Amino acid sequence: RIILMESCFRKFLITKKFEIQRLSAEVQSLKNPQSLSPSPRLEELREENARLKYRLNILKRSLEEERTHCTKSMMNINQRLQEIFGEAIRASCPDLDNPPLAVTPNQQPKFGDYQCNSAMAMAQMLKTQGVKANPREIAQKIIQNLPDNELIQKTEIAGPGFINIHLKRMFVSKLLTNLLINGVQPPPLASRKKVVVDFSSPNIAKEMHVGHLRSTIIGDSMCRLFEFLGYDVLRLNHVGDWGTQFGMLIAHLQDKFPDYLTVSPPIGDLQAFYKESKKRFDEEEDFKRRAYQCVVRLQSKEPDFIKAWNLICDVSRKEFQKVYDCLDIQIIERGESYYQDMMTEAVKEFEERGLVQQDEGRKIVFAPGQPIPLTVVKSDGGYTYDTSDLAALRQRLFEEKADVIIYVTDSGQGTHFQVVFAAAQMIGWYDPQVTRVEHAGFGVVLGEDKKKFKTRSGDTVRLMDLLEEGLKRSMDKLKDKERDKVLTPEELIKAQRAVAFGCIKYADLSHNRINDYVFSFDKMLDDRGNTAAYLLYAFTRIRSIARLANIDEATLRKAAETTEVLLDHEKEWKLGKCILRFPEILQKILDDLLLHTLCDYLYELATTFTEFYDNCYCVEKDRQTGEVVKVNMWRMLLCEATAAIMAKGFDILGLKPVQRM
């Protein structure tokens, strides 16, 4: 509500400001009897001017009241500064269409906290219009037009026209107090949008491998981000559970377990079962013919064949669930079979619009500007992945009424989705300016030899083998650090799982998803540098500070309400600002879906905290007795605020910290 109101207010303010200026100029000219004869509209214009000023004041008061009511949410300082400077920029150069707005954190703290870099780009734009402009003069105009606000202490012009922004320390302190009292609350949403995330998507009868690991981890983290921000999220697992391969699997099932209809077949290794059926399909003509007949009977939904299909799917689901349980993944399965009946409707709609062409018995669709067509019906009358994805997209748009649809698959499928999206836009299913439909592609996982990650025998790495190896190595690491001597058996198991699965997730998420990355247990379990192991240990240490000082949660809660968070020391100030950048980081990820930004931020927060802790005493103890003699409560609150942000960051990444490690 506040975002919508601010947007409307800004538009109204700009429009009416120019109108007031024009009317004021006319009133001034009317005051000079020598220049113009008196206008009969003079009183009318004066009354209109007064009414406009009155309405503006009401809107300003309403806006301030809204801000007061929304104090539980964390403020996005960068976004607020953009609003303030956006208004000043438009007032400084009213004739400039879409003036550039660039506000970023200042990389050199001695020059301020944030920086507005718009003046140089504005001067360049004016130059192309034939208007000479000095960037420093534009910067000065921007500063002069800054509206009254709650967070800027002072501004300075530097270099060719940079505007350095210094924040009010008291205001930053209040924001930290708000965080401590209300917890890590997301910014208010203008509207609760529906988000569909398509991720993981393994194939039935095949084992999950490292490619599925990336999709599963990245997709889950994206869902967690959208959920924290207040969106309505549908997590979908578009598994490969339909197609010709089920003919050979069912035929093999009939031969190997002829009583499968009455006795549940003991298929222990579905991957081996699949390989056996594939070998027969490739080598035995009679088996191949029967396999095709099984496909036809399955597609006709004959009960015995549907039961065989369900048996095979259930074996796979149990194996998939083992992986999802380890990684704490919640997901709803909607395989290709779910969209079978919808495919006919999708193809019919394209045909009725005259968008389908015949090509050697196939039915294809060309989307504008795309290098390849979609094959919506094969020459044998069957459907394809193209048809399935079109039907799925149509269902998500019209039945789910999704505002955002994200596909998390490897980058190799980028062209395919590009063509599917273009076809959906061509037929009018969605407008990309209104609905966000996006492919979030990712690179491949490499071994330490920089080649595609495989076992020594050249096979694809089984995901459960990988996770079990992670558990073994994390336990070895914990024992090397002698944690088994100070933790209870239950705590040790919790730490083992937190480190193993946290490190595997973080190693993936901390790399730009677009790039390939090298999988290395040694690097991901290293407790130095930007790794989950380092961050989990750092978090545990921060949480232990209050415990070592004998301060309980109730005392900290009371202190948050009564103690001002002082930011006089440069390391206190640096940490306080870093903590409050959390909403900015989340907004950036929301825009580009690159989760490594959050990992980089958490690492920066942890190292900034270490600087603070090394330079600012939180707890002072007697050197001889070890007793606590003094607690700097505002610094303890900074510890608490750091831990709260780290905990929420871990939650978005899917990491599970433990109290003791």
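Our structure's up above, just so we're on the same page.
What you see is a predicted model, and the numbers here were worked out from it, not measured in a lab.

Visitor: Give me the lowdown on the state of the cysteines, citing residues and values where you can.
Guide: In protein structure, a disulfide is the covalent linkage between the sulfur atoms of two cysteines. Evaluated as defined, the whole model comprises zero disulfides. Among the cysteines around Cys-503, which has no disulfide bond, Cys-599 carries the closest sulfur, lying 12 Å off. On the accessibility criterion, Cys-503 (1% relative accessible area) is buried. Left unpaired, Cys-616 is separated from the closest cysteine sulfur, that of Cys-618, by 7.3 Å. Relative accessible area serves as the criterion here: at 1%, Cys-616 is assigned to the buried category.

Visitor: Describe the packing of aromatic side chains, naming the residues involved and giving the relevant values.
Guide: Scanning the entire structure with this criterion turns up 16 aromatic pairs. Look at Phe-398 and Trp-429: their rings are 6.5 Å apart centre to centre, the planes differ by 90°, and that puts the pair in the edge-to-face class. One end of the pair, Phe-398, is in helix α13 (residues 385-398); the other, Trp-429, is in the loop between α14 (414-426) and β12 (436-439), and 31 residues separate them in sequence. Summarising the aromatic geometry, the rings of Phe-519 and Phe-521 are spaced 5.1 Å apart at their centres and angled 85° between planes, so their arrangement reads as edge-to-face. For Phe-521, a relative accessible area of 9% translates into the label buried. Its end group placed over the ring of Trp-573, Arg-169 keeps NZ or CZ at 4.4 Å from the ring centre. The positively charged end of Lys-481 is found above the aromatic ring belonging to Tyr-537, 4.8 Å away from the centroid.

Visitor: Any chance you could break down the packing of helix α18 (residues 532-548) against helix α22 (residues 596-615) for me, citing the residues and the numbers?
Guide: Contact geometry for α18 and α22: axes closest at 10 Å, N-to-C directions at 40°. The angle between α18 and α22 places the two elements in the oblique class. The interaxial crossing formed by α18 with α22 has left-handed handedness. Contact with α18, carried on its side by Tyr-534, Leu-535, Ala-538, Ile-542 and Ile-545, involves Leu-602, Tyr-603, Ala-606, Thr-607, Phe-609, Thr-610 and Tyr-613 of α22 and no other residues of that element. Here the contact of α18 with α22 is composed, by residue class, of ten nonpolar, two polar and no charged.

Visitor: With reference to specific residues and values, describe the packing of helix α16 (residues 489-509) against α18.
Guide: Running from N to C, α16 and α18 point in directions that differ by 130°, and their axes come no closer than 8 Å. Judged on the interaxial angle alone, α18 and α16 are oblique. When α16 is examined against α18, the residues Ala-498, Val-499, Gly-502, Cys-503 and Tyr-506 are found in contact with a partner set consisting of Ala-532, Ala-533, Leu-535 and Leu-536.

Here is what the cut-offs are and how they apply
Residues numbered from 1 in each chain as written. Predicted model: local features only at pLDDT ≥ 70, side-chain atom pairs only at ≥ 80, totals over all residues. Heavy atoms only, no water. Disulfide = S-S within 2.5 Å. Buried < 20%, exposed > 50% of the residue type's maximum accessible area, 1.4 Å probe, protein only. Phe/Tyr/Trp six-rings, centres within 6.5 Å; stacked < 30°, edge-to-face > 60°. Helix = DSSP H or I, 4+ residues; strand = E, 2+ residues; numbered from the N terminus. Lys NZ or Arg CZ within 6 Å of the ring centre and 35° of its normal. Axes fitted to C-alpha atoms, helices over the stretch in contact; angles between N-to-C directions. Parallel < 35°, antiparallel > 145°, perpendicular 65-115°, else oblique. Left-handed = near helix turned anticlockwise from the far one by under 90°. Contact = heavy atoms within 4.5 Å. Nonpolar A, V, L, I, M, F, W, Y, C, P; charged D, E, K, R; others polar.

Keep in mind these numbers describe shape, not what the thing actually does.
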